[in-house]
Amino acid sequence: HDGDGKGDGDGDGDGGDAGSGDGSEGGDDGKAGSDEEKGDEEGKHADDADEAKGDEGGEGDEGDEGEEEEEEEKEPDGPDLNIPETAKETKLREAAEKALADAIAHKEATDERVAEEREEIEENERLEQEAEERAEREAREEAEAKEEDERRKAAEAEANKPHALRGPCLIFNTVKRRPRSRADADVLTRLFRKTLLFDVELHDNPSRDDILTLLREAAEDADKNSQIEMFVCFVLA
């Protein structure tokens, strides 16, 4: 009976132990199941996070590609003339155009002023050359006039200075009935006395002896006077 009791007790104990073991095993199994569920949930959350991250990365890549496409669209091959100017660009363009117009006007004015100055210089040079030529011509004419005046004065002085008588001039008028013979004798007298500076003697109606005597005396005077250059005798017959 005791044995049975012990045996039962032991059996009960064994059953308790078994129950206890079963409880421990059940607890371990529950703990293991909880751990597995927790691991599964964490893995699921990790996978979700990776997928979300991958999606975000994909969206980022797609965003970058979209921005590149927009930049490509914003960079046309040539200038877009349809883009309106801003107020600042308009002012800069107007200022540049005004500066260019001012520069062109300044250059044209400078060229015109230079051309006028060149023309003025050429005109002054021409006037100076004409003045020099006129002065040379006037000086030459004045010198020529002076030489001519000197020659004229010399000729007048030579004509007006007293000369020695060149010699005797005898005029014999032997014509009695010809009235013009006396006029011819007067003309000869004035010519040889005043112009040719001869010692003129007029004899009207001389005889043959008178003519011979006067010729002999003139010859003797010529022999005595060495300044006598010549002897002239007119016989109006």
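What you see is a predicted model, and the numbers here were worked out from it, not measured in a lab.

Asker: Any chance you could explain the state of the cysteines here in plain terms?
Answerer: As used here, a disulfide is simply a covalent bond connecting the sulfur atoms of two cysteines. Taken as a whole and judged by the stated rule, the model has zero disulfides. Free cysteine: C169, not disulfide-bonded; nearest cysteine sulfur from C233 at 7.9 Å. Residue classification places C169 among the buried positions, given a relative accessible area of 0%. Its relative accessible area of 33% is what places C233 among the partly exposed residues.

Asker: In this structure, what is going on with the side chain of S181? I would like to understand it.
Answerer: With respect to the helices and strands, the residue S181 is situated in helix α3 (residues 179-195). When its relative accessible area of 2% is taken as the criterion, S181 is described as buried. Once residues within four sequence positions are removed from consideration, S181 is found in contact with N173, V175 and L236.

Asker: Can you walk me through a nonpolar patch on the surface in this structure?
Answerer: A cluster of nonpolar side chains, namely L212, L215 and F231, defines an oily patch on the protein surface of about 230 Å² accessible area. Mapped onto the secondary structure, L212 falls in helix α4 (residues 208-224).

Asker: How should I be thinking about the nonpolar core in this particular structure?
Answerer: The nonpolar side chains of a soluble globular protein tend to be buried with one another. Counting nine residues, the largest nonpolar core is built from C169, I171, A185, L188, F192, F198, V200, V232 and L236. Considering every element that reaches this core, the biggest residue donor is α3, with three residues. Grouped together as the second largest cluster of nonpolar side chains are five residues, L170, I211, L214 and A218 included.

Asker: I would appreciate a short explanation of the confidence of the model for the protein chain in the present structure.
Answerer: Predicted coordinates in regions of low pLDDT should not be interpreted in detail. Here the protein chain averages 74 in pLDDT, while 62% of its residues score no lower than 70. Counting interchain partners and residues more than four positions distant, the pLDDT-below-50 stretch residues 1-27 has 10 contacts. The low-confidence segment residues 29-33 (pLDDT under 50) makes zero contacts with residues lying over four places distant or belonging to another chain.

Asker: Explanation requested: α4 in the structure shown.
Answerer: Working note: α-helix, 3.6 residues per turn, so residues spaced by three or four point in the same direction. The first and last C-alpha atoms of α4 sit 25 Å apart over 17 residues, in line with the 24 Å expected at 1.5 Å per residue. Regarding α4, the residues found buried are I211, L214 and A218. In an axial view of α4, the angular spread of the buried residues amounts to 70°, which keeps them on one side of the axis. Turned more than 90 degrees from where α4 packs its buried face, R208, D209, D223 and K224 sit exposed. For α4, the elements touching its buried residues are β1 (168-173) and β2 (199-204).

Asker: Looking at this model, I keep getting lost on the environment of P206. Mind explaining?
Answerer: Tracing the backbone shows P206 in the loop between β2 and α4. A relative accessible area of 15% places P206 in the buried class. Distance in space between the C-alpha atoms of P206 and V175 is 9.8 Å, their sequence separation being 31 residues. The residues contacting P206, other than those within four sequence positions of it, are F172, N173, T174 and I211.

Asker: What should I look at first to understand the pattern of salt bridges in this one?
Answerer: When the charged atoms of two side chains lie near each other, side chains of opposite charge can form a pair. Tallied over the full model, the rule gives 12 salt bridges. Here D186 and R182 are joined by a salt bridge, their closest N and O atoms 3.8 Å apart. With D186 and R182 both in helix α3, this residue pair falls four residues apart, about one helical turn. Salt bridges here are not isolated pairs; linked through shared partners, they connect D149, R152, K153 and E156.

Asker: Would you explain α3 in this entry?
Answerer: Compared with an ideal rise of 1.5 Å per residue, which puts 17 residues at 24 Å, α3 spans 25 Å between its outermost C-alpha atoms and is within 8% of the ideal. Every buried residue of α3 is listed here: S181, A185, L188, T189 and F192. Buried residues along α3 cover an arc of 105° about the axis, so they all sit on one side. The exposed set on the far side of α3, more than 90 degrees from its buried face, consists of P179, R180, K194 and T195. Buried residues in α3 make contact with β1, β2 and β3 (232-236).

Asker: Got a minute to help me understand the sheet that holds β3 in this structure?
Answerer: Two orientations exist for strands paired in a sheet by backbone hydrogen bonds: parallel and antiparallel. Strand order in this open sheet of three strands is β2-β1-β3, and the pairing throughout is parallel. With one partner strand each, in any of the chains shown, β2 and β3 form the two edges of the open sheet. Each strand of the sheet is rotated relative to its neighbour by a mean of 10°, with strand direction disregarded. Across six bridges, the pairing between β1 and β2 is parallel. When the sheet's bridge partners are listed, N173 is paired in β2 with D204. The sheet contacts of α3 involve β1, β2 and β3, and relative to β2 the element is tilted by about 165°. Along the sheet face, α4 touches β1, β2 and β3 and points at about 175° away from the line of β1.

What counts, and where the lines are drawn
Residues numbered from 1 in each chain as written. Predicted model: local features only at pLDDT ≥ 70, side-chain atom pairs only at ≥ 80, totals over all residues. Heavy atoms only, no water. Disulfide = S-S within 2.5 Å. Buried < 20%, exposed > 50% of the residue type's maximum accessible area, 1.4 Å probe, protein only. Helix = DSSP H or I, 4+ residues; strand = E, 2+ residues; numbered from the N terminus. Contact = heavy atoms within 4.5 Å. Patch = residues over 30% accessible without salt bridge, like charges linked within 9 Å, V, L, I, M, F, W, Y side chains within 5 Å. Areas by Shrake-Rupley, 256 points an atom, 1.4 Å probe, with all protein chains shown as cover. Salt bridge = Lys/Arg side-chain N within 4 Å of Asp/Glu carboxyl O. Core = buried A, V, L, I, M, F, W, Y, C linked by side-chain atoms within 4.5 Å. pLDDT = per-residue confidence, 0-100. Expected span 1.5 Å × (residues − 1). Arc of directions from axis to C-beta. Pairing = 2+ DSSP bridges. Axes fitted to C-alpha atoms, helices over the stretch in contact; angles between N-to-C directions.

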